[in-house]
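Structure at a glance
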Amino acid sequence: MTSVTRVHTRVSTTSLGHPWSAKADRLQSATGILLGCFLLLHMHFESSILLGKEVFYHVVQLLEGGMFSSTGHGFPIVTKMFSVLILLVVIVHAAVALRRFPAQLGQWRALRSHLGGIKHKDTHAWFWQLITGFILFFLVPVHLFTMILNPEIGPHLSAERVYHDNAWLLYALLLPAVVIHAMIGLYRVAVKWGLILNRSGLRKLAKVLIIYLLCLGAASLVSYIFIGSELSIPVQPFVPH
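Below you will find a few notes about this structure. (Residues numbered from 1 in each chain as written. Predicted model: local features only at pLDDT ≥ 70, side-chain atom pairs only at ≥ 80, totals over all residues. Heavy atoms only, no water.)

1. Considering the overall build of the protein
- Within the protein, the regular secondary structure consists of 8 helices and 0 strands.
- The order of helices and strands in the protein, counted from the N terminus, is α-α-α-α-α-α-α-α.
- Burial statistics for the protein: of 241 residues in total, 38% are counted as buried.
- For the protein, long-range pairs separated by at least 24 residues make up 74% of all intrachain contacts whose partners lie at least 6 apart in sequence. (Helix = DSSP H or I, 4+ residues; strand = E, 2+ residues; numbered from the N terminus. Buried < 20%, exposed > 50% of the residue type's maximum accessible area, 1.4 Å probe, protein only. Contact = heavy atoms within 4.5 Å.)

2. Some words on unusual backbone geometry
- Note that the residue after Ile233, namely Pro234, is joined by a cis bond; omega there is 0°.
- If you trace the backbone, Pro234 turns up in the segment after α8 (199-229).
- Notably, Asn166 is not glycine yet its phi reads approximately 60°, a positive angle.
- As for its position among the elements, Asn166 is in the loop between α6 (155-163) and α7 (168-192).

3. Let's talk about a nonpolar patch on the surface
- A contiguous nonpolar surface patch, about 750 Å² in accessible area, is contributed by Leu62, Met67, Phe68, Phe75, Ile77, Val78 and Met81.
- Looking at the nonpolar patch, the element that brings in the most residues is helix α3 (residues 76-97), giving 3 residues.
- Note on placement: Met67 falls in the loop between α2 (53-63) and α3. (Patch = residues over 30% accessible without salt bridge, like charges linked within 9 Å, V, L, I, M, F, W, Y side chains within 5 Å. Areas by Shrake-Rupley, 256 points an atom, 1.4 Å probe, with all protein chains shown as cover. Salt bridge = Lys/Arg side-chain N within 4 Å of Asp/Glu carboxyl O.)

4. Observations concerning the nonpolar core
- One finds Tyr171, Leu174 and Val179 to be the most contacted residues of the largest nonpolar core, which totals 36 residues.
- Sort the elements by how many residues they give to this core and α7 lands first, with 9 residues.
- Those residues in contact with Leu174 that lie beyond four places of it in its chain are Leu136, Leu139, Val140 and His143.
- Core analysis: the next-biggest nonpolar cluster, separate from the first, contains 5 residues, Tyr187, Ala190, Val191 and Leu202 among them. (Core = buried A, V, L, I, M, F, W, Y, C linked by side-chain atoms within 4.5 Å.)

5. Details of the packing of aromatic side chains
- Evaluation of the coordinates by the stated rule reveals 6 aromatic pairs.
- Taking the centre distance of 6.0 Å and the plane angle of 70° together, the rings of Phe127 and Trp128 count as edge-to-face.
- When the centroid spacing of 5.5 Å and the interplanar angle of 85° are considered together, the rings of Phe137 and Phe138 count as edge-to-face.
- The exposure class of Phe137 is partly exposed, given its relative accessible area of 46%.
- Through pairs of rings, three or more aromatic residues link up here, namely Phe134, Phe137 and Phe138. (Phe/Tyr/Trp six-rings, centres within 6.5 Å; stacked < 30°, edge-to-face > 60°.)

6. Describing α2
- Considered for burial, the residues of α2 that qualify are Phe56, Tyr57, Val59, Val60 and Gln61.
- At the exit of α2 stands Gly65, carrying a positive phi of roughly 80°.

7. Structural notes on the packing of α6 against α8
- For the pair α6 and α8, interaxial distance at closest approach is 8 Å and the crossing angle is 95°. One finds that α6 runs roughly perpendicular with respect to α8. In contact with Pro155, His156, Ser158, Ala159, Val162 and Tyr163 of α6, α8 contributes Leu221, Tyr224, Ile225, Ile227, Gly228 and Ser229.
- Looking at the contact of α6 with α8 residue by residue, the class counts come to 8 nonpolar, 4 polar and no charged. (Axes fitted to C-alpha atoms, helices over the stretch in contact; angles between N-to-C directions. Parallel < 35°, antiparallel > 145°, perpendicular 65-115°, else oblique. Nonpolar A, V, L, I, M, F, W, Y, C, P; charged D, E, K, R; others polar.)

8. Some remarks on the environment of Leu98
- Among the structural elements, Leu98 can be located in the loop between α3 and α4 (105-117).
- Sequence separation between Leu98 and Leu130 is 32 residues; the distance between their C-alpha atoms is 9.7 Å.

What follows is the structure, given as structure tokens:
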């Protein structure tokens, strides 16, 4: 004989999660992909300085819409508007990511204890993404506000910012943090949404990209420092031959 048990109180499902959590995950992944792809493009555009001042100058003019100018000179307002857009994307990305950030000392201790007891590579990768994300929370807005307030870019003007304004200190900290955070982030997005099933191969690719981008960024930064050290104050904008 089958007995039926009746429950007179409604079972609460709030503890099972909120619909916004899934939307936040998708939004975090989408903004992360956007920022990661932007970083890949941005670092390669910046590294054009390694090919010479004239190459970098023409790349900048192209990106700033120089083809629409009668003089061929780009519009710095394009850099300003794009910097504002990226800042908004960063704010959205940070806002949805903060919900997973340990907010109490006890949570940090539990996390450290958990990491010390396991050898799961993806968990350790997530921890480093957490640390670099915390660093970027302070460094990225400084960089973007600099570009918004002073959007002039060029071989001499950028070198002046790096060398004479001591921005190399900011970039020396920003470079490893943003590269590690972005590449681990793209790896985790690909795994999370099942875009690539070969985790081992994807981890190797992420490591190669991290080393490659760090070398590329460091070489570009050193190049700006050398150019800036040769400039006299006041710095004159670069004029191609």
